[in-house]
Structures are given as structure tokens and as C-alpha cells.
Amino acid sequence: MESLSELLEPFGASPDGIVATSEGSVVTPRHMPYLDLLAASRNARIDGVVEHQQRAALYVVRGPLAEGDRRTLCTLLAQRDQADHVGVVEPGLLTVFNVGFGEELSVPPRNIAAADSGARATLATLLEPLPLLDDGKKKHRSPERFRSRLLRMLTSTTRDLTNLGVAPDIALACVGRAVLFRFLIDRSIVHEDDALPIAGAGCLADCFDGPQRARRTNRWLDETFNGDLLPLDATFWKQGLAEQATVTLGDILHKTENRQLSFEWDELDFGHIPVGLLSQVYEAYAHTFEAEQAKRSSVHYTPRGIAEYMVDEALARLEPSAAHKARVLDPAVGAGVFLVAAFRALARRHWEATGKRPTRRVLRSILHKQLAGMDINESALRLAALALYLTALELDPRPSPLSDLRFESLRGSVLHNVGAEGRGAVIGSLAPEAARPHEGLYDLVVGNPPWTDWKGKVKKDVSEVTSAVRAIIKERLGDESAATYEMSGRWPDVPFLWRAMKWAKPDASIALAMHGRLLFGQATGPRDRKLVFNALDVTGILNGAALRRTEAWPHIEAPFCLLFAANRKPAPEAAFHFVTPVEERSLNDRGVIRVDASMANVVLSSEVIAKPWLLKALSRGTSKDIAIVERITSRGFPTLEAYWKALNLAHGQGFQVGGGTRPSKDSRHLKRLPMLTSRYTGPVLIDIGELPPMDHSELLYPRDISIYQGPIVLVPEAPPTEGRERRAFLSRDDLAFNESFTGFSCAGSLDKLELANYLLVVLSSDLPLYWALLRSGKLGVERDVFQVDNFKELPIRPFAELSLDERARIDSLADDLIAGQVNWDSLHSFVWQLYGLGPSAAETIADTLEVSAPFGEPRKKAQRRPSANQVDQFCAVLRAELSSTLFRVGVEVVVQPSAIQAGPWLCVGITRRGARFDAPPGALLRRVIDE
């Protein structure tokens, strides 16, 4: 019989990428993510898993497979929250089905024969679908579908209990305990003959039927888990509402709804649902039943995939012989997703180091001696304990008999409530009394500290954190650096990073998910970056700014980054890998982030300090863009705001009307001036005769009269980005304008009309948008809107430096803008020349704006299959570049698209002019696809 790798080889599978899971397979550390699929009692029996970047991508079954069995299997595998497809393989044929529920199972399968053209590209296309496969409109399977379904069911059950009058914390405990017992049943940790000694019941599904059985079952759970479980007073089962509550809870065990058959509960199998999903249950609970507290304490679920990635990357930099012995701390543990990931990773590394699968004794030792977490939220810590217990049971090679399952308490040794008393109740893990006992103990500090502004924290709290951080900075960088430190914006994530340097051993690993302001902020950001990159050897950063508001991290709108570091001062030549994944809906909608070598830039830490804008420029541009920014910067031009002040000219936002009870100011000095508002839709040159007169006698903010004196160049609050028209307007006369515009008055300049024309031309060009894209700490980071503030930081060449020819050209271009007949290529060519930029730079700027701007058409274009015209342009540029070199040896080439259809790739052929172009031989193409 052919092996699985032989059957899959015609479809592009590599033997190294296949994990065999069929009966009789030799179990290795690589099987750690698939232990649930190996258990003899499980229904989801498969023959293997095809992995991509160490992640399950395709489940494989040897065919044939009956339709009923296929639907059952696909439903069970969907609950594993990993691969999206099942492949039924037979000699020469692969049939691919979607995993999922209900209608998802009715999607027609894909049948690929080994003899088909491009068959070897099948798995490459399936495992990592590129945006080239569609036009950007196709909907992809969201990883949130199953998670949302489970969360809806659990939250609904919790709400049913609260509607009966059960307190929210008691309801959570009841539901959590029922889910735990269902987990024990589905994992075959308890058996039917255990029902009688546990609850006096005839079968396990009856163990929550009635208050008496529920009380006995919960007493058994408390004894088995040493009381370190979701707290529930035994007297609850004696209350009048307990009878009805047990009916609701019994549905979880009976797989029913009000004791009627429920396909939703019936289809769930906690033998395959990942333990990490409990963190999402907690987030849903917290935001539903404790919304205000969740907001204050910055409760946000970290996706399991991101937590596992961070843990694996951080452990990988430790010595392989010692990594399995690492002690791990999460200082903001929440519901435990990072500690669960660390538990599994340490167990796997122990298996790899010793060659033996970890026994229960080894697993309990890892749990109690190598893991630690701190938090201020008691409910979160209870769920973290539950998640760790479940993980220990999941990894246990022999989770029986019941008498041996009892756990030691995790409180005070593994999980620490730092909000229970003292200063920790206010500032949590950052409080000295909470932090000191953990100093210098850990080989890895990992987690997702809170990002939310401490608006509610009093001055004393902030002062205490500031003093603690200053002490760490003093130890690392000396008195002078420590004296100038202040807690930026009352954001706690950076102080957590400083504290991590004390919790971690020297040279240990630190991996934290943080707000992107550390990388891109241009107000206090440069100061924080300078201190951090001088004090800590940053080894890698994944910049997730482009992935906010995607399924890569659901429900997160803030820009985030994953920072990896070695706990030591950096060497003078220290460098790190800076990786910026781009938005790819075909992957992100499935919760996947593409991380590959093409995205990585090696950045010197010293360069980050010297150039505060560098990481922002790299996040949206390339090395060519960096060179353009440096060329413009080297000219020493002032910013527009500084230049206007130097000329003693007025500029500012227009008047604000206000209203309500807020006091207004006299604005009669503006009466009878023409009034410009956001409703204006006229031409670039404003005709004041078409504007209504100012009709407000009082305004909240009238502004200084000087900004309303003509000639004025006006910029809308949010200049258009889809087109170039109407980015700036010109009024040659006095007029009042409201807060929807910022005006730059040229009155007072000897060259006021020419200066106004100059500013109109520059601000109408692509330069302000390009500069903001590469330099602004907010555009494409915290917001996707081009705003007037971005104009103020634009370098402007002083008008006095311009030659007479340049001034004449400006007047001509301004006339074209006013007439609506501007040639944009000509205008931009002139503007680039003003800044010392040539055709190559102009091409780079155009390319960057075309696909890197964070809004509208550029955002879509970056993910769309290139058009035939774009492919032809690419071929033309490639031919020109090759020919410019090869002509020296008398060779001229032809570059043309190839008609080869090989999955997600487009191919071009390069031949000597006059030679015949043939399709590549099959063997060569096969090798290319393999690579």
C-alpha cells in the first residue's frame, strides 16, 4: 500500500510537511498539537495532517469516505480551530472538502487529478492562498464562525441563569463547571461507571440533574481540583432557584436545549475544542456582565495563534538543552492563554530533549515549578486555573484513575492575585510589593499587558510607577536618563516592559504584545524609543499596524506590535529584524498572518534612536523610500508650520460655533465677511461673491482676525485621498472659514500672491500625503484618514530660494489648478525637482502611494490580482533594466508573460531577442513549484 506521502506527492506535498496520525503511527513530539486526534476514543480519526509553517493546514483521510462520515468528520474537525479543509486522497486523486457546520458542509468539493495541469500547485494554493486567486471581493471562511457560535451558546446559558436571578459571578461559575465536566466526559477522563460514585447518577449526563446531584458533582470537582476552581458556595444548591438552574446547566451535559434535542450542543465535542478558547469565553463574559470593569482593566483576548507564536519564538532563542527547563511569567495573565501556550511548548520541548513523552509527574512539575502569572482580576485567575488544569489533563498520557487526578492548588505559587490588597489593587503587577517577589526568577517574560490609558489613576499611582521605572533606567542607563523619564500618556504597557527587565534573568527572553505607539509615536514616542532601545537588546519586532480591524486579531482596532528582546544592554552594533505583515484578507479572514523573509528588514537599534521616523517609513515603504526621506531631510528645509511662523504670517483652524451652556465670545469683528463652511463645493479659486455672509455675533472660538486675511490657502480638515482635486483652495480676498478648514494667510508678505500660488501648488501635490505616510505617527497607524495636521510637518523649501524661472512655472501651474486643467504628471515632476528628486524617486513615490496608502483604492489594489496592463508594465520595466546591462555584451532580451497556469503564481519568460519562446519543461516547472 502506498504511503501517505506517496499519495500526496503528486499534489505538491513534501514528506517533511506531513504528520501521520493513523493507528499504529509512531508518536513523536511533533504530534503534540494532535493528541486529541490520536486518542482511540475519538470520533475524528484521520490518517495525517499536512502542515504549513508548523500549523495544521489540511487534514487527510485515505479514501473513499462515505458522505455521512465525511460530514461528521468535517464538523468535528471544525471545532479544532485550525485547518479549513479535509482532503480525501486516493491513488491519483485528491478531493478537498471544507470543514464547518451546516451550510458550510454543502460547498461543492474540489476534485484534483494527479494528471491535471498544475496539480502540483494544489497544496501550495490551498495552504497559503494569495490574493492573486481572486479580485479581492471573495469572502473567505472566518475563524470567528465557530468561536462565535460557542461563545453565543455559553453566554446565552449564562444569561439564562442571570434571568432566573442568579448573580453573574455565580452564573459564570456554574457554566464553567458544567463545561469542565462536559470536557471530562468528552475526553473520556470520566466514564459511565464513575457517574454513581460521583453523583449517585445512572449516567454521566445526569450528574447535574437536580440540586442534590449537582451539589455532589460540584463537591467532587472541588475535591479533585483542590478548591482552586471557579468559586461556588455549596449553599447555592439549597436555594429555591437551584432546581431551575440545574435544568439550564443540564442542557450542556445532555446536549439539549430545554431538554429538547439541540443540534448545536449535540455537535459540540469538547474532546477537540482547544483549551485556549476559554480565554475568549472569559472576554465575552467580562464584556457582557462586567463591561465597565473590563474596560477599565483593559480586558482583551489575545488570539491563541498569536500567543503560541510569541511563546515559540521567544523560547527558540534559549539554549535548546535548557529551553524545556525555562521558567515563564505572564505579568498580566488574564484567562491564561499565554501560560497555556507555554505549558504546551515546554511539554513538547521536554519530550524533544529527553526522547520520552512527559508523564503526569513531569507535567505537574512543569505546571507548578515553571509557570507563573499575575493579575488583578479574580474571575480571570479562576479561569486561568481552569485552563491550566484542563491542559494538564489534555497532555496527560493516562488521565486516570479518578483517585489520581487531584491537583495541588495553584494560588500563591503559580497564579498570584496582585489586586487583592495593598497598592496592587490599584496598579497591579507594577506595584513594588507585587513585583519584587518575582525579580530575577524567569527565563521568559511573555504576555499582553494592558494598553488602556490610566485615566482613572490618581497622581500618586502614576508617581509610584514612574519612580519604579526610573530605578530600573538608572540601573541600566545612569542617573541622567532616569531623571528625565516620565510615564507617557499614562499608558501602562511601556512600564510593563521596563518591569519585565527586572523579572527576567540576565540574557533571558522577553516577548510582549504592545501598542504601536512605542514604534511610531512622534510626540513622546521618540523619548520612549530612545530609552528602550538603549537599555534593552531588541531582537525582533512584528509590526501589526496594518492588521488592526482584521480577523488576524479580532475586535482590536488599535495598532499593535509584538516585541522580542534579550534581557541585556545592546551592543553598539545591535540590530533586530523588523517585520511588517501587510493586510491580506484571503489570509487574515482566516486568522492567519503571513510572516516570511521578504517582509523582514534588518534595522540597527542606533538608527531607530537617530531617526525617530525610521520604523514608520519602513512599515509603509521600502529602502528606496528611506533614501528619499533622507534626501529631503538633508536639505534642511523648515516645516510648513515653522516656516510660516518665521515669516510672521498667520495660520490656524477656523472658527468654532459651539453651543449649549459653554460661554461664547464676541465675534462682531467677523460680521459681513464672506463665510466658508464644509458645505462648499465650488472651484479651487473661491469666489467670495458666491458665499453667504458671516451671520454669527458670538462664537465659541472666533480665532484671531489675522488668519482670515487674504490671500489665504485653505486645506480641508480631511483632504480627499481618492483623487488629487480639492486638496487645497485659494482665496485672494478676506473671508471667514469654520473649523472644517485650516488657513495659511499670506497677508503681510511682500510676495503674497506668488507665495499663495506656491503653497497651493505644493499642497495640491502628492508630497504632503507621501510625507505623512512615511513620517506621521498616526496616519496608517491609529487612523486611516489624511488630516490637515499632516500638512504642518511638511518640509517646505523657502520661497526666497526659488529662481525666477521656478516662480514663473509655479504661477503657470497655479493657473492650471484654478482652471481645472492641470497636468498632474507635469506638476509632480516640477515639485519633485524643487526638492531635488529625479525620475527614479518620482517612480518610487508613485508606486508607494499606489499600494501602501491605508485607505480606499490603494488598500484594495494591494490585494488584487494585477491586471494585464500592469503585467505588461512590469515586463517592460524588467526588459529595460536587463537590457541596460546586457547591451554591453551585445544581448537584447524579450520579456513576456507566460500562459502557464500554476496555481497562485504568474510567470514571465525572458529570452534573447529572435529566439523562440517555449513553455518551461515540465520537470523544471515542477522544481520551481516545489521551491
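Look up: the structure comes first, before these words.
Residues numbered from 1 in each chain as written. Predicted model: local features only at pLDDT ≥ 70, side-chain atom pairs only at ≥ 80, totals over all residues. Heavy atoms only, no water.

A.B. asks: Help me understand the environment of R357, please; the structure alone is not making it clear to me.
C.D. replies: Tracing the sequence through the fold places R357 in the loop between α15 (337-354) and α16 (360-369). For R357, a relative accessible area of 31% puts it in the partly exposed group. Measuring from C-alpha to C-alpha, the distance between R357 and E439 comes to 32 Å, with 82 residues separating the pair along the chain. Apart from the residues within four sequence positions on either side, R357 is in contact with L35, W351, L395, D396 and P397. Polar side-chain contacts of R357 include one of 3.5 Å to the backbone oxygen of L395. (Helix = DSSP H or I, 4+ residues; strand = E, 2+ residues; numbered from the N terminus. Buried < 20%, exposed > 50% of the residue type's maximum accessible area, 1.4 Å probe, protein only. Contact = heavy atoms within 4.5 Å. Polar contact = N/O pair within 3.5 Å; in protein donor to acceptor, adjacent residues only side chain to side chain.)

A.B. asks: How should the side chain of R620 be read in this particular structure?
C.D. replies: Turning to its location among the elements, R620 is positioned in helix α27 (residues 614-620). Not counting residues up to four positions away in its chain, the partners in contact with R620 are A546, L773, L774, G780, T848, S852, A853 and P854.

A.B. asks: What exactly am I supposed to notice about the sheet that holds strand β25 (residues 741-745) here?
C.D. replies: Adjacent strands of a sheet pair through backbone hydrogen bonds, lying either parallel or antiparallel. Strand order in the open sheet formed by four strands is β18-β25-β22-β23, and the pairing between neighbours is antiparallel. For this open sheet the edge positions go to β18 (651-653) and β23 (729-731), each flanked by a neighbour on one side alone. Averaged over neighbouring strand pairs, the angle between their axes works out to 20 degrees when direction is ignored. In this structure, strand β22 (residues 712-716) lies alongside β25, joined through five bridges in antiparallel fashion. For V715, the partnering residue across the bridge sits in β25 and is T742. Docked against the sheet, helix α30 (residues 752-764) engages β22, β23 and β25, running at close to 20 degrees with respect to β22. (Pairing = 2+ DSSP bridges. Axes fitted to C-alpha atoms, helices over the stretch in contact; angles between N-to-C directions.)

A.B. asks: Sorry, what's going on with a nonpolar patch on the surface here?
C.D. replies: There is a patch of nonpolar side chains on the surface, built from F874, V908 and I910 and spanning about 270 Å² of accessible area. The topology assignment puts F874 in helix α37 (residues 868-886). (Patch = residues over 30% accessible without salt bridge, like charges linked within 9 Å, V, L, I, M, F, W, Y side chains within 5 Å. Areas by Shrake-Rupley, 256 points an atom, 1.4 Å probe, with all protein chains shown as cover. Salt bridge = Lys/Arg side-chain N within 4 Å of Asp/Glu carboxyl O.)

A.B. asks: Would you take a moment to explain helix α31 (residues 767-775) for this structure?
C.D. replies: Think of an α-helix as turning once every 3.6 residues; residues three or four places apart then point the same way. Burial analysis of α31 places eight of its nine residues in the buried class, the great majority of the element. Along α31, the positions that sit buried rather than exposed are L767, P768, L769, Y770, W771, A772, L773 and L774. Buried residues along α31 sit in contact with α27, α28 (623-634), α30, α32 (789-792), α34 (824-834) and α35 (839-852).

A.B. asks: What should I look at first to understand the packing of α28 against α35 in this one?
C.D. replies: Pairs of packed helices are described in terms of their axes, by the angle between the two and the distance that separates them. Packing of α28 against α35 leaves a shortest axis separation of 10 Å and a crossing angle of 120 degrees. One element, α28, and the other, α35, form an angle in the oblique class. Two packed elements cross with a definite hand, and for α28 against α35 that hand is left-handed. Across the interface between the two elements, K624, D625, I628 and R631 from α28 touch A841, T844, I845 and T848 from α35. Split into classes, the residues belonging to the contact of α28 with α35 amount to three nonpolar, two polar and three charged. (Parallel < 35°, antiparallel > 145°, perpendicular 65-115°, else oblique. Left-handed = near helix turned anticlockwise from the far one by under 90°. Nonpolar A, V, L, I, M, F, W, Y, C, P; charged D, E, K, R; others polar.)

A.B. asks: It is not clear to me how the pairing of strand β14 (residues 537-543) should be interpreted in this structure. Could you clarify?
C.D. replies: Two faces, one strand: in a regular strand the side chains alternate between the faces of the sheet. Taken across its seven residues, β14 has six buried, putting it largely inside the fold. For β14 and strand β15 (residues 560-566), the ladder comprises six bridges, and the chain directions are antiparallel. Each bridged residue has a counterpart across the sheet, and for D537 the counterpart in β15 is A566.

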